Amino acid sequence: MAAVQWRSRGRSYDTELQRCRPEAAPVEFGDYHPLKPIMVTDTKTRRGARKGSTSSSSSSSSSAPADPLSSMLDGTDPLSMFASEAPTMSHSASTGDLGRKRREKEEEAVGQDFEPWSSKRGEILARFTTTEKLSINLFMGSDKGKAPSPGSAVSEKVRTRLEELDDLEEGSQRELLNLSQQDYANRIEELNQSLKEAWASDQKVKALKIVIQCSKLLSDTSVIQFYPSKFVLITDILDTFGRLVYDRIWTMCSDPRPLPESFTVDDVNDTAKETCLNWFFKIASIRELLPRLYVEAAILKCNRFLNKSGIQETLPRLTAMIRGIGDPLVAAYTRAYLCRVGMEVAPQLKDSLNRNFFDLLGTFRQISGESVQNQLVLQRVEVPEYLTLYSPAINWILQCIAYRAPEPLLTEMMERCKKLGNNALLLNSVMRAFRPEFVAARATDFIGMIKDCDEAGFPKHLLFGSLGRSLACADPPESERLTILNEAWKVVTKVRSPQDYINCAEIWVEFTCRHFTKREVNTVLADIIKHMTPDRAFEDAYPQLQSVIRKILTYFHDFSVLFAMERFLPFLDMFQKDSVRVEVCRSIMEVFIKHQVEPTRDPVILNAMLHICKTMHDSVNALTLEDEKRSLALLIIGFIRMVSFGRDFEQQLSFCVEARATFCNLEPVLVQLIHTVNQLAMETSRVMRGSHSRKTAAFVRACAAYSFITIPSLSSIFSRLSLYLLSGQVALANQCLSQADAFLKAAVSILPEVPRSISVEGKLRSSESFLLDFINNFLATLLVVPDHPEHGVLYLVRGLLNMVQDYTWEDNSDAKVRVYISALPLLAAMSQETYLYSIPKVDSNETLYGGDPKFLSEINKLCETLIGQILDHLKTLGRDEQSTRRQGALAFSLFGVLLAHGDLRNNKLSQLAVNLWNLSHKHGYCETRVSVRTLEYMKHQALQPDMSHLTDTVQRLALQSRT
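Residues numbered from 1 in each chain as written. Predicted model: local features only at pLDDT ≥ 70, side-chain atom pairs only at ≥ 80, totals over all residues. Heavy atoms only, no water.

## Thoughts on the overall build of the protein
Argument step 1. A tally of regular secondary structure across the protein gives 46 helices and six strands.
Argument step 2. Scored against the burial criterion, the 963 residues of the protein give a buried share of 47%.
Argument step 3. Put simply, of all contacts in the protein between residues at least 6 apart along the chain, 74% involve residues at least 24 apart.
Argument step 4. By element, 51% of the accessible surface of the protein is carried by carbon and sulfur atoms, the whole surface being about 50,200 Å². (Helix = DSSP H or I, 4+ residues; strand = E, 2+ residues; numbered from the N terminus. Buried < 20%, exposed > 50% of the residue type's maximum accessible area, 1.4 Å probe, protein only. Contact = heavy atoms within 4.5 Å. Areas by Shrake-Rupley, 256 points an atom, 1.4 Å probe, with all protein chains shown as cover.)

Structure follows, in structure tokens:
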């Protein structure tokens, strides 16, 4: 192909900008405006009118246009329309019945603020464990009671089932011995499944047998430490049984129509009533008290099917029956189960709850009795440990009583505690059950009662722990706060066991942080360090120590105050396990980033935060996950961004130098430091208004040196490329020409290192698109970079193009040619008398060469070389039929460059443009819409006086489609 003679089109950028600005045109809105309020028509239907007849009660102005949204509804507001169609309710019904029902619903229902039993279940199972061997005694009856044949009489069926039930006391005994705690739990779960299977196979009597035998297990206190967990496991079976019975009777009532939730006795059919009564008769025939109590409590809800007041009458009877249980622990948990069922089915019946609690108080004297004491000696259980077994039962009963209870009830409970000699176990449960506001208001009274308690039965530090939990949620009177803290800490600090001490101290830290200053908090921290340091006791209390840190950070957001505490950093030194220490440092950093609004230069904060960040950084090793590294880096970056020394730029640079040495293993942090130093250089330029003094010029060169030294340590090739380019641009903006030259040369020199594929979010992707984006950005920067006097004309452009020529591109890739096409606009812009953009106080090539013909000749030669390379590639693509689409796309791109930047008055360039147009449309792959818009643009440009030559070119261009 003959050589192409390139000539760049002369551009007047200011004139072109004026042409591109749209002409101002007056707009008349009239009465309509998109923000004008819209009037919605409210339409009501007259009663008795025929369908579709409406009367308007209000209408919008006739002059306003119809709202497109309301027009879809013929101007009718949908809410008004639905309301008008709804049947009218009588005033008395709406104000009377509905209001009364709503009040009843609110009174009877248990709200979201009531903590359910299910939330306590896991805690009890985890807390009350044993290593002793357990046993299960089951009397499952003989096999003589087989199900009768379908044809047998009803009376025979009933008699057989009664015989089976009677056989419960006479059947064969099966005993499972030497069970571990897990084996025991698994066996109970198997019984639960057996219950469900028996019920599903219509073996109701067998199901009842299982429930009765499981209930009997609750009378066994041979391994007393495990009793609360045993209670949880076996009551799960009772709950399942009660639900199965209730659902069966409910189903019997649902024929022919479903039974409503708020049904009455009148809605229940006779068959369902008879079945329900039969279940109660079966349970009444159980001889032993404990299983009879538990099983009847399990189906307590079924009383709703028999009579309206059934539950109300049954609860007091069952409460009285519990008095016949001799073991106080067994009786306490039986009462807890009855209260649990009572709260589910009739939470409004508070009298039975109170009665159960008062009966429980009466059994406390049994604890010191001979029977209980002998049992404790036999099982080698201390009295304090035994008393804690009562906690779940008493806490639950009191929670039920205290739920939405008035404040005077707490006063009554406190009086009863005093009458019992300030029973510590009871006092502890009272403080945990009632609302914190009520407890906080009487905090001084509770402290007096705690002092009078017997230390031997229940440790006082546990009582102060319960009081502290309430005071952490509600504020006591201000005048009493210091006295409360002093009295509580006198007891807490005397606790000898480090574990018991930290459990209580952790609770009172929140009260101290909430109401006092750093002085009191520092004193508390010093006391914790004193107790937890001997024998490295802190190693067993990391969760509590972490909780202390979290509570301090919740209330202290001023880090100058926080780090001014003498004992705060020594407290952090107790976290010597790496994973825990990093977690604590992370929590501190998160709070700092969230609440530190203003940048800081406080040396106390900086030194402490550098220490914390260094701890996080030093935890990184070869096994650290990438997500973990990224998370830690983000926290450290957040700290770096909050450091500012104001106008003391040298101190800021010194900080960055120190940070680079400290955080050298986290690449995102190094990237941030480079950005910070570049920003520092630009801030210096802004302060000096672009005219550097000798001192500031040396400083910005030091900033450039910092970046130039740091960038090579990065492993990511694209991070290095982008930072070399960015730092070069910053150096140019600060008139550091030699530094800018070094950055750009370094960027060009590492281009061959770019891999052909890179990992993006864990997936391998071609690096070609990233590399092309970088090169285009780099080319745009080269317009303002002056040539080095020792390296010849356009040495950076030539160096870049040589690297592109030598780079190993992917097979069947057009990337190299696309770079050549992108370089043509740059070279055309360099040949203009005035450049499109420039940097203040930096002389670009427009000034250095001043339109020298030799310089323009070099540009033209380079352009001709590039065009020759592009055309050769187009020829190569033309030999392969599968590459015609790529050929057409490249041809059209080159055509666009010639149109925008080439002087088409040159016949050879004009002919080349026409040939490229025809080539791009030859196979019909060029988008017609783009082609049409291009032709319209050329016709519009041809109207300009200096572009009239485009008219002839347009006439030679034709639209072609695929045939």
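## Side note on the pattern of salt bridges
Argument step 1. This structure, assessed with the given rule, holds 32 salt bridges.
Argument step 2. Between Arg 905 and Asp 903 there is a salt bridge whose closest N-O contact spans 3.0 Å.
Argument step 3. On the basis of relative accessible area, Asp 903 is assigned to the buried category, the value being 14%.
Argument step 4. Ionic contacts of the salt-bridge type, sharing partners, join the residues Arg 323, Arg 355 and Asp 359 into one network. (Salt bridge = Lys/Arg side-chain N within 4 Å of Asp/Glu carboxyl O.)

## Notes on the pairing of strand β5 (residues 757-760)
Argument step 1. Bridge count between β5 and strand β6 (residues 763-766): four bridges; the pairing is antiparallel. Its bridge partner lying in β6, Val 760 is registered against Lys 763. (Pairing = 2+ DSSP bridges.)

## Observations regarding helix α31 (residues 603-618)
Argument step 1. Between its first and last C-alpha atoms α31 spans 22 Å; for 16 residues at 1.5 Å apiece the expected length is 22 Å, and the two agree.
Argument step 2. In the core, the buried residues of α31 are packed alongside α28 (559-562), α29 (568-572), α30 (578-595), α32 (626-641) and α33 (649-662).
Argument step 3. The backbone nitrogen of Val 604 has a side-chain oxygen 2.9 Å away, supplied by the residue at the start of α31, namely Asp 602. (Expected span 1.5 Å × (residues − 1). Polar contact = N/O pair within 3.5 Å; in protein donor to acceptor, adjacent residues only side chain to side chain.)

## Examining unusual backbone geometry
Argument step 1. The backbone phi angle of Asp 202 is positive, close to 65 degrees, even though this residue is not glycine.
Argument step 2. With respect to the secondary-structure elements, Asp 202 resides in the loop between α7 (181-200) and α8 (204-216).
Argument step 3. Positive phi outside glycine occurs at Leu 794, with the angle close to 55 degrees.
Argument step 4. Residue Leu 794 is classed as buried on the basis of its relative accessible area of 1%.

## Topic: the environment of His 461
Argument step 1. By secondary structure assignment, the location of His 461 is in helix α23 (residues 460-473).
Argument step 2. The exposure class of His 461 is buried, given its relative accessible area of 10%.
Argument step 3. Between the C-alpha atoms of His 461 and Ile 450, which are eleven residues apart in sequence, the distance is 9.4 Å.
Argument step 4. Among all residues touching His 461, those that are not within four sequence positions of it are Val 491, Val 495, Asp 500 and Cys 504.

## Here we look at the packing of aromatic side chains
Argument step 1. Tallying each qualifying case throughout the model produces 40 aromatic pairs.
Argument step 2. On the numbers, 5.8 Å between centres and 45 degrees between planes, the contact of Phe 774 with Phe 778 is tilted. Separated by four residues within a single helix, Phe 774 and Phe 778 lie in helix α38 (residues 768-782), roughly one turn from each other. Accessibility classification places Phe 774 together with Phe 778 in one group, the buried group.
Argument step 3. Cation over ring: Lys 282 sits above Trp 279, and NZ or CZ is 4.6 Å from the ring centre.
Argument step 4. Note that Arg 416 overlies the ring of Phe 358, its terminal NZ or CZ placed 3.7 Å from the centroid. (Phe/Tyr/Trp six-rings, centres within 6.5 Å; stacked < 30°, edge-to-face > 60°. Lys NZ or Arg CZ within 6 Å of the ring centre and 35° of its normal.)

## What about helix α24 (residues 481-492)?
Argument step 1. In this model α24 runs 16 Å from its N-terminal to its C-terminal C-alpha over twelve residues, within 8% of the 16 Å that 1.5 Å per residue would give.
Argument step 2. Turning to α24, its buried residues are Arg 481, Ile 484, Leu 485, Glu 487, Ala 488, Trp 489 and Val 492.
Argument step 3. Each element contacted by the buried residues of α24 is listed here: α22 (443-451), α23, α25 (498-515) and α26 (518-532).

## Focus on the packing of helix α39 (residues 795-806) against helix α42 (residues 853-878)
Helix packing geometry: the angle between the two helix axes and the distance between the axes.
Argument step 1. In the contact formed by α39 and α42, the axes pass within 13 Å of each other and the chain directions differ by 15 degrees. Classed by the angle they form, the pair α39 and α42 counts as roughly parallel. The handedness of the crossing between α39 and α42 comes out as left-handed. Contact residues: α39 offers Val 797, Arg 798, Leu 801 and Gln 805, while α42 offers Glu 858, Leu 862, Leu 866 and Gln 869.
Argument step 2. Class assignment for the residues of the contact of α39 with α42 results in four nonpolar, two polar and two charged. (Axes fitted to C-alpha atoms, helices over the stretch in contact; angles between N-to-C directions. Parallel < 35°, antiparallel > 145°, perpendicular 65-115°, else oblique. Left-handed = near helix turned anticlockwise from the far one by under 90°. Nonpolar A, V, L, I, M, F, W, Y, C, P; charged D, E, K, R; others polar.)

## Concerning the packing of helix α43 (residues 884-901) against helix α45 (residues 928-942)
Argument step 1. Close contact between α43 and α45 brings their axes to 13 Å; oriented N to C, the two are set at 15 degrees. When the interaxial angle is binned, α43 and α45 end up roughly parallel. At the point where α43 passes α45, the crossing takes the left-handed sense. The segment α43 lies against α45, with Phe 892, Phe 895 and Leu 899 engaging Val 930, Ser 931, Thr 934, Tyr 937 and Met 938.
Argument step 2. Here the contact of α43 with α45 is built from residues that sort into six nonpolar, two polar and no charged.

## So, the nonpolar core
Argument step 1. Ranked by internal contacts, the top residues of the largest apolar core, which has 308 residues, are Phe 305, Phe 434, Trp 508, Ile 528 and Phe 639.
Argument step 2. For this core, the leading source of residues is helix α9 (residues 227-253), giving 13 residues.
Argument step 3. Discounting chain neighbours no more than four positions away, the residues touching Phe 639 are Met 589, Phe 592, Ile 593, Leu 606, Met 609, Leu 610, Cys 613 and Phe 655. (Core = buried A, V, L, I, M, F, W, Y, C linked by side-chain atoms within 4.5 Å.)

## Description of the environment of Leu 794
Argument step 1. As for its placement among the helices and strands, Leu 794 is situated in the loop between α38 and α39.
Argument step 2. Taking the C-alpha atoms as reference points, Leu 794 and Glu 858, 64 residues apart in sequence, are found 8.5 Å from one another.
Argument step 3. What Leu 794 contacts, discounting residues up to four positions off in sequence, is Asp 787, Leu 827, Met 830, Asn 845, Phe 855, Ile 859 and Leu 862.

## Focus on the side chain of Thr 884
Argument step 1. Position of Thr 884 relative to the elements: it lies in helix α43.
Argument step 2. The buried category is assigned to Thr 884, whose relative accessible area is 11%.
Argument step 3. Polar side-chain contacts of Thr 884 include one of 3.2 Å to the backbone oxygen of Glu 881.
Argument step 4. Those residues within four positions of Thr 884 in sequence are excluded, and the remaining contacts are His 923 and Tyr 925.

## Considerations on the side chain of Gln 596
Argument step 1. Mapped onto the secondary structure, Gln 596 falls in the loop between α30 and α31.
Argument step 2. Within the local environment of Gln 596, its side chain forms a polar contact with the backbone oxygen of Glu 598, the two atoms lying 3.2 Å apart.
Argument step 3. In this structure Gln 596 touches Phe 559, Val 591 and Met 642, once residues within four positions along its chain are discounted.

## Considerations on the state of the cysteines
Throughout this description, disulfide means a covalent bond between two cysteine sulfur atoms.
Argument step 1. Taken as a whole and judged by the stated rule, the model has zero disulfides.
Argument step 2. Not engaged in a disulfide, the cysteine Cys 736 finds its nearest cysteine sulfur in Cys 703; these two sulfurs lie 9.0 Å apart. (Disulfide = S-S within 2.5 Å.)

## Notes on the confidence of the model for the protein
Argument step 1. Confidence along the protein averages 84 in pLDDT terms, with 85% of residues attaining 70 or more.
Argument step 2. Low pLDDT (under 50) marks residues 82-108, which in the prediction has ten contacts with non-local residues, meaning those over four places away or in another chain.
Argument step 3. Segment residues 168-173: pLDDT under 50, and 18 contacts once partners within four positions in sequence are set aside and those in other chains are kept. (pLDDT = per-residue confidence, 0-100.)

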